[in-house]
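Close look at the chain arrangement
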Amino acid sequence: MTAPTVSFEFFPPKTEKMEETLWATVQKLAPLSPEFVSVTYGAGGSTRERTIRTVKRIVEETPLKAAAHLTCVGATRDEVNAVIRDFWDAGVKHIVALRGDMPDGPGTAYKSHPGGYDTSADLVAGIKEIAPFEVSVSAYPERHPDSANWEEDIDNLARKADAGADRAITQFFFDNDLFDAFRERVAARGITIPVVPGIVPIHSFAQVKRFADMCGASIPATLAHRFEGLEDDAETRRLVAAHIAADQAFDLMNRGVDRFHFYTMNRADLVFALCHLLGLRADDDVSAAA
Ligand code: FAD
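Residues numbered from 1 in each chain as written. Predicted model: local features only at pLDDT ≥ 70, side-chain atom pairs only at ≥ 80, totals over all residues. Heavy atoms only, no water.

**Considering the overall build of the protein**
From N to C terminus, the protein includes 11 helices and 9 strands. Here the C-alpha atoms of the protein give a radius of gyration of 18 Å, agreeing with the 19 Å that 2.2 N^0.38 yields for 290 residues. Projected onto its principal axes, the C-alpha coordinates of the protein cover approximately 50 × 45 × 35 Å. Relative to its full complement of 290 residues, the protein shows a buried share of 48%. Partitioning the intrachain contacts of the protein with sequence separation of at least 6 by distance along the chain shows that 78% fall at a separation of at least 24. (Helix = DSSP H or I, 4+ residues; strand = E, 2+ residues; numbered from the N terminus. Rg over C-alpha atoms; globule rule 2.2 N^0.38 Å. Buried < 20%, exposed > 50% of the residue type's maximum accessible area, 1.4 Å probe, protein only. Contact = heavy atoms within 4.5 Å.)

**Let's talk about the packing of aromatic side chains**
According to the stated counting rule, one finds 7 aromatic pairs in the structure shown. For the pair Phe-8 and Phe-262, a centre-to-centre distance of 6.4 Å together with 25° between the ring planes defines the contact as stacked. One end of the pair, Phe-8, is in strand E1 (residues 5–10); the other, Phe-262, is in strand E9 (residues 259–263), and 254 residues separate them in sequence. Here the two residues Phe-8 and Phe-262 agree in accessibility, since each one is buried. Judged by relative accessible area, which is 0%, Phe-262 ranks as buried. (Phe/Tyr/Trp six-rings, centres within 6.5 Å; stacked < 30°, edge-to-face > 60°.)

**Side note on helix H10 (residues 269–277)**
Among the residues of H10, Leu-270, Val-271, Leu-274 and Cys-275 are the ones counted as buried. Down the axis of H10, the buried set is contained in an arc of 130°. They therefore lie on one face. Taken together, the buried residues of H10 touch E1, helix H1 (16–29), helix H9 (234–254) and E9. Gly-279 occupies a position one or two residues after H10 and carries a positive phi of about 105°. (Arc of directions from axis to C-beta.)

The following block contains the structure:
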């Protein structure tokens, strides 16, 4: 089986200690030659400066292609456009364009900012107008919780593709049948951009469960059972998590998937092991440059 193409997602660190951890993670994963690595934009635009700083550091200090996440939240078009131009000038040529959530969190009804971009599709179009960025967008194998039905959800993805998005990256999921059903819906709607599955290796079941509840992703009962009783046993948890993620990824590859986006949680161990199992090997030249 040919090794898949991979990308890695990080979040901007809050403290010096977290920055050290992130940097060690970047250096461990860089030799696997990901297609790109991305840095999230904090909920409500809260990490704007840290996202910009982190993504610029990746561009300046590593050979990796960096993508910056960007949301429409809490800023006017002019402010967002200034960030977009700043990215381009800093050598960041790829943006993950999102609507985002209100500062109070995903449960709060979304309202666009006065004078801001209304939707993620508008943001995609705005980015493409400014410069020939590569643009990725989100997709939801279990529907976005704000969408009234599947038709609305897939129409929204179609608008993002029509506005010029180059690929969609999915919210994490654990049931590959849901991903297959989603791909069928996307194809039936005539959307042709690649849909890349987002995979989250489970460092902490409680944390993933919390995220899943927030974003409307389901957790199969069998998955909960696999972590039962391991709350105080980090070593066994890690072995179990590696097995689960590898199982999911191999099954997706058997279904024709050839690229993955990994939510790293800024930690290298599980993602590195997973990539190794999937056939990726370190490129020593990249290692030397990182
Ligand atoms: P969209 O996909 O644009 O839309 C969300 C919902 O609104 C959909 O249900 C859609 O049907 C509905 N909708 C939108 N426009 C219309 C319209 N014109 N008419 C009718 N319905 C409409 N959040 C962050 O804060 N920072 C990040 O860095 C970040 N990175 C992410 C990366 C990935 C890969 C994913 C999957 C999600 C990420 N998120 C991030 C979460 C995301 O911001 C939230 O899920 C948010 O609630 C929706 O943003 P979106 O761009 O996915 O929304």
